[in-house]
Amino acid sequence: MKNASSLLPSSPKKLLLPALLGASLPLAWLLFVIITKEDLFESWMYYPLIIIPLGGAVGGIFFFLMGFKWFPKGNQKLIAVIFSTLIYFVAIWLSAVLAFNFTGHFN
């Protein structure tokens with residue numbers, strides 16, 4: 001069994017790029033919605049703008065660790081990439097539910 005230090009990158013800086021890439025997709029989508037309907041923007045929308053990209057960042061880090069650190073080769077990598085892609089979208093969905101639950105707009 002691997003020890004805990006070998007499961008994570010040697011430097012936390014190596015997780016910054018996957019986190020930024022993971023957060024950029026939901027952030028770009030949310031900003032697109034806000035820009036196209038700028039007359040509807042209200043102050044409660046700051047919570048989803050912060051929480052949903054954080055969920056994307058966590059999903060991006062998980063995707064990086066699964067596909068490139070823990071399972072770097074072969075069929076295991078393919079299965080890990082498929083599984084971690086699903087987990088990425090689940091993380092975004094759960095963070096959206098959490099954000100809209102905080103604001104009281106989850107119906």
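Anyway, here's the lowdown on the structure attached to this text.

Rules of the game
Going along each chain's sequence as written, the residues are numbered from 1 onward. Since the coordinates come from a predicted model, pLDDT governs what is reported: local features require at least 70, and pairs of side-chain atoms require 80 or more to be given and counted, while whole-chain, interface and lining totals use all residues. Calculated side-chain values reflect all of the structure's heavy atoms, with hydrogen atoms and water omitted. Helix numbering and strand numbering both begin at the N terminus, where a helix is a DSSP run of H or I of at least 4 residues and a strand a DSSP run of E of at least 2. Here the expected length of a helix is defined as 1.5 Å per residue gap, with one fewer gap than residues. Only protein chains enter the accessibility calculation, which uses a 1.4 Å probe; a residue whose area is less than 20% of its type maximum is buried, one above 50% is exposed, and one in between is partly exposed. Buried residues of nine kinds, namely Ala, Val, Leu, Ile, Met, Phe, Trp, Tyr and Cys, make up a nonpolar core once their side-chain atoms join them within 4.5 Å. Pairs of residues are marked as contacts when any of their non-hydrogen atoms sit within 4.5 Å. Every definition here rests on a 1 Å grid over the protein atoms only: cavities are sets of points where a 1.4 Å probe fits but cannot get out, pockets are open sets enclosed by protein on both sides within 12 Å along at least five of seven lines, and lining residues have some atom within 4 Å of a point. Grid points are joined across faces, edges and corners, and a volume is the space filled by probe spheres set on the points. The classification used treats Ala, Val, Leu, Ile, Met, Phe, Trp, Tyr, Cys and Pro as nonpolar, Asp, Glu, Lys and Arg as charged, and all other residues, Gly among them, as polar. The criterion for an aromatic pair is that two Phe, Tyr or Trp rings (for Trp, the six-membered ring) have centres within 6.5 Å, with stacked assigned to planes under 30 degrees apart, edge-to-face to planes over 60 apart and tilted to the rest. To get an axis, a line is fitted to the C-alpha atoms, and for a helix only the part in contact is used. The angle between two axes follows their N-to-C directions and goes from 0 to 180 degrees. Note that the term roughly parallel is reserved for angles under 35 degrees, roughly antiparallel for angles over 145, roughly perpendicular for angles of 65 to 115, and oblique for everything else. Handedness of each helix crossing follows the sense of rotation of the near helix against the far helix: counterclockwise by less than a right angle gives left-handed, clockwise gives right-handed.

**Concerning helix α4 (residues 74-103)**
With 30 residues, α4 should cover 44 Å at 1.5 Å per step; its first-to-last C-alpha distance of 44 Å lies within 8% of that length. All buried positions along α4 are accounted for by Ala80, Ser84, Tyr88, Ala91, Ile92, Ser95, Ala96, Ala99 and Thr103. Where α4 ends, the next residue or the one after it, Gly104, has phi of about 80 degrees, a positive value.

**So, the nonpolar core**
In terms of nonpolar packing, the biggest core is built from 9 residues, these being Leu30, Ile34, Leu49, Ile51, Ile52, Tyr88, Ile92, Ala96 and Ala99. Residue assignment for this core shows that the elements contributing at least two residues are α2 (16-36), α3 (46-70) and α4. Not counting residues within four places of it along the chain, the set of residues in contact with Ile51 comprises Ser95, Leu98, Ala99 and Phe102.

**A closer look at the layout of surface pockets**
Roughly 390 Å³ of internal volume is contained in the largest pocket. Every residue lining the largest pocket is counted, 18 residues in all, and those nearest its centre are Trp29, Leu30, Val33, Ile52 and Phe100. Sorting the residues of the lining of the largest pocket by element identifies α2, α3 and α4 as the ones contributing at least two each. With 6 residues, α2 is the largest single contributor of residues to the lining of the largest pocket. Residues belonging to the lining of the largest pocket are distributed by class as follows: 17 nonpolar, no polar and 1 charged.

**Here we look at the environment of Val58**
Counting through the fold element by element, Val58 comes out in helix α3. Given a relative accessible area of 54%, Val58 falls into the exposed group. Between the C-alpha atoms of Val58 and Lys37, which are 21 residues apart in sequence, the distance is 28 Å.

**Considerations on the environment of Leu27**
With respect to the element layout, Leu27 can be found in helix α2. Sequence-wise, Leu27 and Pro53 are 26 residues apart; in three dimensions their C-alpha atoms are separated by 5.6 Å. Every residue in contact with Leu27, bar those within four places of it in the chain, is listed here: Leu49 and Pro53.

**A look at the packing of aromatic side chains**
Counted under the stated rule, the structure contains 6 aromatic pairs. On the basis of an interplanar angle of 70 degrees and a centroid distance of 5.2 Å, the ring pair of Tyr88 and Phe89 is categorised as edge-to-face.

**Here we look at the packing of α2 against α4**
At their nearest, the axes of α2 and α4 sit 12 Å apart, and the two run at 50 degrees to each other. When the axis of α2 is compared with that of α4, the two are oblique. Of the two elements, α2 crosses α4, and the hand of that crossing is right-handed. Touching Gly22, Leu25 and Pro26 of α2 are Tyr88, Phe89 and Ile92, all from α4. For the contact of α2 with α4, the residue count by class is 5 nonpolar, 1 polar and no charged.

Shape is all these values report; function is a separate question.
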